[in-house]
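# Descriptive structure summary
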Amino acid sequence: GAGVSQSPSNKVTEKGKDVELRCDPISGHTALYWYRQSLGQGLEFLIYFQGNSAPDKSGLPSDRFSAERTGGSVSTLTIQRTQQEDSAVYLCASSLNRGPMFFGPGTRLTVL
Amino acid sequence: SQQGEEDPQALSIQEGENATMNCSYKTSINNLQWYRQNSGRGLVHLILIRSNEREKHSGRLRVTLDTSKKSSSLLITASRAADTASYFCATDGAAGNKLTFGGGTRVLVKP
């Protein structure tokens, strides 16, 4: 595709519900990243996929968070039993090996 | 913890002036990248400098890297109102794995 796409662009959910966020990376990009960003803050690393290697999950804040990348392409970030502190913009990016990262527009998650 | 830290946190300048911001990091790197973010959404890649490079230019942007001091600077020359954004540095580790970002510098260019 032309760029990294993410869906939904906005998600409002109730505390305790599960949510799934989707990322479609640029075709052929081997690396895929998930970050989250709270208002006015920097980017917090969540998880990193590189090719067929085991993902680096060191940034996931709790076991309520999980992510998978199917077929080396599309990725889904799942947050179970959402909490209000999960509210943030979730950003996905992809890159070819160690090159520049291309970011999607993000999903703004609001947990009521 | 964040690998890169930007300084200053915020910067306000007049159009036409130069803007300089700095990034310090903690561990060895393969490369350092600078990104711009408008309106709190997706980031746009500006420039990548490798650990064996000392200076790089792209249009009105100039990036320096001092690996002995573990620091980098981003200079925007002849700033424009459209340069108003947050600027982030990102570094990988020596193993070239995940990129970690600093807290960013918010730049306001007043017309």
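Residues numbered from 1 in each chain as written. Chains lettered and ligands numbered in written order. Predicted model: local features only at pLDDT ≥ 70, side-chain atom pairs only at ≥ 80, totals over all residues. Heavy atoms only, no water.

### Observations concerning the overall build of chain B
Here is the rule: Helix and strand definitions here come from DSSP, where helices need a minimum of 4 consecutive H or I residues and strands a minimum of 2 consecutive E residues; each element is numbered from the N-terminal end. Throughout, the radius of gyration refers to the C-alpha atoms, and the reference size of a globule is 2.2 Å times the residue count to the power 0.38. The contact criterion used is simple: two residues touch if any of their non-hydrogen atoms lie within 4.5 Å. Using a 1.4 Å probe, accessible areas were evaluated by the Shrake-Rupley method; residue-level cover was limited to the displayed protein chains. Charge assignment: positive for Lys and Arg, negative for Asp and Glu; neither His nor the chain ends contribute. Every charge is mapped onto a representative atom, which is NZ of Lys, CZ of Arg, CG of Asp or CD of Glu.
Along the backbone of chain B there are zero helices and 11 strands. Shown N-terminal to C-terminal, the secondary structure of chain B runs as helices and strands in the order β-β-β-β-β-β-β-β-β-β-β. Taken over C-alpha atoms, the radius of gyration comes to 13 Å for chain B, in line with the 13 Å a tight globule of 111 residues would show. Counting contacts in chain B only where the partners sit at least 6 residues apart, residues at least 24 apart contribute 55% of the total. Carbon and sulfur atoms make up 46% of the accessible area of chain B, which totals about 5,100 Å². Across chain B, the centroid of the 14 positively charged side chains sits 4 Å from that of the 10 negatively charged ones.

### Thoughts on the nonpolar core
The condition that has to hold: The term nonpolar core refers to a set of buried residues drawn from Ala, Val, Leu, Ile, Met, Phe, Trp, Tyr and Cys, joined through side-chain atoms within 4.5 Å. Here's how the labels work: a residue is buried when its accessible area is under 20% of the maximum for its type, exposed when over 50%, partly exposed in between, all with a 1.4 Å probe on protein chains only.
Of all hydrophobic cores here, the largest spans 21 residues; its most connected members are Met21, Leu32, Trp34, Leu46, Leu74, Ile76 and Tyr87 of chain B. Elements that contribute at least two residues to this core include exactly strand E3 (19-25), strand E4 (31-37), strand E5 (43-50), strand E7 (61-66), strand E8 (71-76), strand E9 (85-91) and strand E11 (105-110) of chain B. Broken down by element, the residue count for this core peaks at four residues, all from E3 of chain B. Those residues in contact with tyrosine 87 of chain B, other than ones at most four positions away along the chain, are Glu6, Met21, Tyr35, Arg36, Leu46, Leu74, Ile76, Gly104, Thr105 and Val107 of chain B. Listed in part, the 20 residues of the second largest apolar core include Leu32, Ala67, Leu77 and Val111 of chain A.

### Re the side chain of threonine 76 of chain A
By the secondary structure assignment, threonine 76 of chain A is in strand E7 (residues 75-79). Setting aside anything within four residues of it in sequence, one finds threonine 76 of chain A in contact with Glu20, Leu21, Trp34, Ser66, Ala67 and Glu68 of chain A.

### Some thoughts on the interface of chain B and chain A
Note the threshold: We define a salt bridge as a side-chain nitrogen of Lys or Arg found within 4 Å of a carboxyl oxygen belonging to Asp or Glu. As used in this structure description, the phrase polar contact means that two N or O atoms lie within 3.5 Å; if the pair is within protein, one of them must be able to donate a hydrogen and the other to accept it, and residues adjacent in sequence are counted only when both atoms belong to side chains. Basically, the charged four are Asp, Glu, Lys and Arg, the nonpolar ten are Ala, Val, Leu, Ile, Met, Phe, Trp, Tyr, Cys and Pro, and anything else, Gly included, counts as polar.
Between chain B and chain A, the contact holds 21 residues from the first and 24 residues from the second. On the surface where chain B and chain A come into contact, there are one salt bridge. Across the salt bridge formed by aspartate 56 of chain A and lysine 98 of chain B, the nearest N and O atoms sit 3.4 Å from each other. Across the chain B-chain A interface, the total number found is five residue pairs in polar contact (both at pLDDT 80 or more). Top element by residues in the side of chain B that touches chain A is E4 of chain B. It accounts for four residues. Classifying every residue of the side of chain B that touches chain A by side-chain character gives seven nonpolar, 11 polar and three charged.

### Describing the state of the cysteines
Rules: Cysteine sulfur pairs qualify as disulfides if the two atoms are within 2.5 Å.
All told, the structure shown has two disulfides over all chains when counted by the stated rule. Covalent S-S linkage joins cysteine 23 of chain A and cysteine 92 of chain A, the inter-sulfur distance amounting to 1.8 Å. Judged by the sign of its S-S torsion, about -65 degrees, the cystine formed by cysteine 23 of chain A and cysteine 92 of chain A is left-handed. Remark: cysteine 92 of chain A occurs in strand E8 (residues 88-95) and cysteine 23 of chain A occurs in strand E3 (residues 19-24); sequence separation between them is 69 residues. A single burial state applies to cysteine 23 of chain A and to cysteine 92 of chain A, both of which are buried. There is a disulfide in this structure between cysteine 23 of chain B and cysteine 89 of chain B, and the S-S distance comes to 2.0 Å. One disulfide, between cysteine 23 of chain B and cysteine 89 of chain B, carries an S-S torsion of 65 degrees and so falls in the right-handed class. Taken together, the positions of cysteine 23 of chain B in strand E3 and cysteine 89 of chain B in strand E9 put the pair 66 residues apart, joining distant regions of the chain. For cysteine 23 of chain B, a relative accessible area of 1% corresponds to the buried category. Under the relative-accessibility criterion, cysteine 89 of chain B is labelled buried at 0%.

### Notes on the packing of aromatic side chains
Let me state the cut-off plainly: Side-chain rings of Phe, Tyr and Trp (the six-membered ring for Trp) are treated as a pair once their centres are within 6.5 Å; stacked means planes under 30 degrees apart, edge-to-face means over 60, and tilted covers the remaining angles.
For the coordinates displayed, the defined rule picks out eight aromatic pairs over all chains. Their ring planes at 25 degrees and their centres at 4.7 Å tell us that tyrosine 33 of chain A and tyrosine 48 of chain A sit as a pair that is stacked. Here tyrosine 33 of chain A is found in strand E4 (residues 31-37), whereas its partner tyrosine 48 of chain A is found in strand E5 (residues 43-50), with 15 residues between them in sequence. In this pair, the class of tyrosine 33 of chain A matches that of tyrosine 48 of chain A, namely buried. Consider the rings of tyrosine 35 of chain B and phenylalanine 101 of chain B, whose centres lie 5.5 Å apart with planes at 55 degrees: the pair is tilted. Placement of tyrosine 35 of chain B in strand E4 and of phenylalanine 101 of chain B in strand E10 (residues 100-101) is noted, with a sequence separation of 66 residues between them. Judged by its relative accessible area of 1%, phenylalanine 101 of chain B falls in the buried class. An aromatic cluster is present here, built from Tyr33, Tyr35, Phe45, Tyr48 and Phe103 of chain A together with Tyr35 and Phe101 of chain B joined pairwise through their rings.

### Thoughts on the environment of isoleucine 47 of chain A
Residues and elements named next belong to chain A. Note on placement: isoleucine 47 falls in strand E5. What makes isoleucine 47 buried here is its relative accessible area of 0%. Residues within four places of isoleucine 47 in sequence aside, it is in contact with Leu32, Tyr33, Trp34, Pro55, Asp56, Lys57, Leu60 and Ala67.

All quantities given are derived from atomic positions and should not be read as evidence of function.
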